[in-house]
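In case you want the letters, here they are:
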Amino acid sequence: MVHQRQLSKASGKEIDIDVLVIGAGPTGQGAAKRLHQIDGPSWMIIDSNEVPGGLASTDVTPEGFLYDVGGHVIFSHYKYFDDCINEALPNETDWYQHQRISYVRYKGLWVPYPFQNNISMLPKEDQVLCLEGMIDATVEARVATTKPKDFDEWILRNVGEGIADIFMRPYNFKVWAVPTTKMQCQWLGERVAAPNLKLVTKNVVLNKTAGNWGPNATFRFPAHGGTGNIWIKVAETLPKKNTRFGDHGRVQLIDADHKRVLLGDGTTINYQKLISTMSLDHLCETMRDEELVELTKELFYSTTHVIGVGLRGERPERIGDKCWLYFPEDNCPFYRATIFSNYSPNNQPAASKKLPTQQLADGSEPSSTAAKEGPYWSIMLEVSESSMKPVDQANMLKDCIQGLVNTDMIEPADEIVSTYHRRFDHGYPTPSLERDGALKQILPRLYDMDILSRGRFGSWKYEVGNQDHSFMLGVEAADNVVNGAAELTLNYPDFVNSRLNNERRLVDGAQFFKSMKGIRNEGVALRPSEDASVGKPKSFAQSSSAS
């Protein structure tokens, strides 16, 4: 643990607050929005980056192409999340609405997503393999008396050996960078479509495809600034006096015993409660808690490489209005490609901008390097890396471009005018077999220290790791700190994923009356405060005095 003398050396000033929020990604901003709304305990949100957004940020290349930190789209299970996003970007012109158009690339074919529902599109011999496996799986499922022991067994029971070998095993290894036998299956929920054998058989016979499936069948995307612009705008709705972004918001040490945090500029923040969105392993290292650090070694994660390719020319007809595409085969290193230029026309430079050709897609030099006008389009690729799946980082960009040619995404003579490659060390929190056992020890121990570790890597639960989930993990952590309210997203992922969660709203009944300052408004329907539904929780003052 950090001893008192380690922080006493800090030469900067001291700040006393009730609740400190570390990290200004979606989770930290969710906590800050709720604390600001409650207007009770004093609070502050800090981040080492000048620009808020965390793993939901957006980069811009020198040529003017935008790339998110992976494939992010906005869809929601929560009204409160919608309220906050709509407050930050309130105009229709702030957004583009999309229907998901997604495919799996297999043997030179585009198979509509989800693959297991559309085997009617496969070659006949593969259709037979898949149907035989699904029939066997259906029979086995009827007599099974135990739950699947891992993700691989779950796959076999749900889709059978054929689809497992053709798609599920190779694709999931490319995504997670670990074999499916080393992953648990409790995280799945709405993430993987379980096929309907009768419907699949009917579609095979009639040569039909299945319709859209899943929570992101429709989604929206910001017109300007990529996904990162959402979180820049949400952060702007927070009072600046409560924020410290940049090096003076960088955490050096956390003294959990004395509830103090030492920042990069020497400032010490004394807190009562801490909501941390740092990765769980980094948090424990920053606390210098050797026991917790040892426990975090049971947690596994993969690294994500994001590669961007900007091209000159009209978007090809074969690409059309596709959104994102999956690649289970080994003819390319990436597992997913997003046609990022389709999300917004502002994700790439205007056609009038003149850019030189850097190279042709086959790697050869262009006949001319003179700057020319567009139009332009772009592709964003994702490649996973882990100790079980090493990558050739030095040649990754070249290999990805070759993979785009191999899969007919681009032609050998296409002009590449911009490239992008960034490695994000913590990309996916892996639902490994050991994960839940480690979390059951780490998170309660931190909670007993008045530290709530939440977020994509703060609570390490991929099943509630989308932007809406992450935001609400912060909101619910703030409610827990202030009112003792239950954290449903953290503790009951299947519950929140199976319903529209509209209990919380950005403006609730009490706040409406406060804003009206006693002016009577008839005919306005008010939503009851969600706090009424959680019994009589401890107040912040009570919980603080008891700590």
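Residues numbered from 1 in each chain as written. Predicted model: local features only at pLDDT ≥ 70, side-chain atom pairs only at ≥ 80, totals over all residues. Heavy atoms only, no water.

(A) Geometry of the overall build of the chain. Helix and strand content of the chain: 16 helices and 21 strands. Here the chain holds 547 residues, and 56% of them are scored as buried. Sequence separation of at least 24 residues holds for 76% of the intrachain contacts in the chain that already meet a minimum separation of 6. Total accessible area on the chain stands at roughly 23700 Å², and carbon and sulfur atoms take up 50% of it. (Helix = DSSP H or I, 4+ residues; strand = E, 2+ residues; numbered from the N terminus. Buried < 20%, exposed > 50% of the residue type's maximum accessible area, 1.4 Å probe, protein only. Contact = heavy atoms within 4.5 Å. Areas by Shrake-Rupley, 256 points an atom, 1.4 Å probe, with all protein chains shown as cover.)

(B) Expanded view of the pattern of salt bridges. Scanning the model with the defined rule gives 30 salt bridges in all. A salt bridge links Lys-149 to Glu-153; its shortest N-O distance comes to 2.8 Å. Residue classification places Lys-149 among the exposed residues on the basis of a relative accessible area of 61%. For Glu-153, a relative accessible area of 19% translates into the label buried. Taken together, the shared-partner salt bridges connect Asp-152, Glu-161, Asp-165 and Arg-169 into one network. (Salt bridge = Lys/Arg side-chain N within 4 Å of Asp/Glu carboxyl O.)

(C) View of the sheet that holds strand β8 (residues 109-112). Pairing is mixed in the open sheet, where eight strands are placed in the order β8-β7-β16-β17-β19-β15-β20-β18. Lying at the two open borders of the sheet, with one neighbouring strand each, are β8 and β18 (359-360). Looking at chain direction, strand β15 (residues 301-312) and strand β20 (residues 415-429) are connected through 10 bridges and run antiparallel. Within the sheet, the bridge partner assigned to His-305 lies in β20 and is Arg-423. (Pairing = 2+ DSSP bridges.)

(D) Representation of helix α3 (residues 79-88) in the model. Taken across its 10 residues, α3 has seven buried, putting it largely inside the fold. Residues of α3 that are buried: Tyr-80, Phe-81, Asp-82, Asp-83, Cys-84, Ile-85 and Ala-88.

(E) Highlighting the nonpolar core. Residues Phe-115, Ile-119, Ile-163, Trp-176 and Tyr-343 are the most contacted members of the largest nonpolar core, which totals 52 residues. Discounting chain neighbours no more than four positions away, the residues touching Trp-176 are Met-183, Trp-187, Ser-302, Tyr-428, Pro-429, Thr-430, Pro-431 and Tyr-462. Grouped together as the second largest cluster of nonpolar side chains are 33 residues, Ile-17, Tyr-271, Leu-274 and Leu-292 included. (Core = buried A, V, L, I, M, F, W, Y, C linked by side-chain atoms within 4.5 Å.)

(F) Main features of the environment of Gln-402. Tracing the backbone through its elements, the reader meets Gln-402 in helix α10 (residues 396-406). The class of Gln-402 is partly exposed, set by a relative accessible area of 37%. Measuring from C-alpha to C-alpha, the distance between Gln-402 and Pro-412 comes to 8.6 Å, with 10 residues separating the pair along the chain.

(G) Inspection of the packing of aromatic side chains at higher detail. Under the counting rule described, the total for this entry stands at 31 aromatic pairs. With a centroid separation of 5.3 Å and an interplanar angle of 15°, the aromatic rings of Phe-167 and Tyr-171 are classed as stacked. Of this pair, Phe-167 and Tyr-171 both sit in helix α5 (residues 151-176), four residues apart, which is roughly one turn of that helix. For the pair formed by Phe-167 and Tyr-171, the shared burial category is buried. Ring centres of Tyr-335 and Tyr-428 lie 6.3 Å apart, and the angle between their planes is 80°; this geometry places the pair in the edge-to-face category. Of this pair, Tyr-335 sits in the loop between β16 (324-326) and β17 (336-338) while Tyr-428 sits in strand β20, and the two are 93 residues apart along the sequence. (Phe/Tyr/Trp six-rings, centres within 6.5 Å; stacked < 30°, edge-to-face > 60°.)

Function cannot be read off these values alone, since they describe shape.
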